[in-house]
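# Summary of structural features
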Amino acid sequence: MARRKRVAYRKRVQNRFSMFLVTLVVVLILILVQMGSLQLRRKIDVKAAEAASLEAQIEAELRRQQEIANFGKEVQTKGYIENVAREKLGLVYEDEILFKEKD
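Structural notes, computed from the coordinates. Owing to the predicted nature of the structure, the values given are computational and were not obtained by experimental measurement.

## Considerations on the overall build of the protein
The helix and strand tally for the protein stands at two helices and zero strands. Per-residue burial for the protein yields a buried fraction of 1% across its 103 residues. A total accessible area of about 10500 Å² is found for the protein, and carbon and sulfur atoms account for 61% of it.

Written as structure tokens, this is what we have:
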């Protein structure tokens, strides 16, 4: 009977040790998963900031595109062409009189 008690005691000790090892492995896996999750969360935050920056750049470029389109329409008007001809090229109409300042 003493022998059976020893065998039962050993099995109980082995079972406790096995349960401890299983618990330890599960806890380690949970820690590793949590660390991986934190790293992924940081990456997601960085990518979200990059996406917001790119969205702002897209909006700025769309505004710039609209400004260029408006300028293209303005350049084709008669008033703009006359302004450029007067200011940059020094042209005048035939019936206009020019007064120049003396130096």
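## Some words on a nonpolar patch on the surface
A contiguous nonpolar surface patch, about 860 Å² in accessible area, is contributed by F17, F20, L21, L24, V27, L28, I31, L32 and M35. Within the secondary structure, I31 is located in helix α1 (residues 2–75). With a relative accessible area of 42%, I31 lands in the partly exposed category.

## Comments concerning the pattern of salt bridges
Counted by the stated rule, this structure contains two salt bridges. Between R64 and E61 there is a salt bridge, with its nearest N and O atoms 3.7 Å apart. Here the residue R64 and the residue E61 both occupy positions in helix α1, the gap between them amounting to three residues, near one helical turn. Residue E61 is classed as partly exposed on the basis of its relative accessible area, which comes to 47%.

Thresholds, definitions, all that
Residues numbered from 1 in each chain as written. Predicted model: local features only at pLDDT ≥ 70, side-chain atom pairs only at ≥ 80, totals over all residues. Heavy atoms only, no water. Helix = DSSP H or I, 4+ residues; strand = E, 2+ residues; numbered from the N terminus. Buried < 20%, exposed > 50% of the residue type's maximum accessible area, 1.4 Å probe, protein only. Areas by Shrake-Rupley, 256 points an atom, 1.4 Å probe, with all protein chains shown as cover. Patch = residues over 30% accessible without salt bridge, like charges linked within 9 Å, V, L, I, M, F, W, Y side chains within 5 Å. Salt bridge = Lys/Arg side-chain N within 4 Å of Asp/Glu carboxyl O.

No statement about biological role is implied by the geometric values presented.
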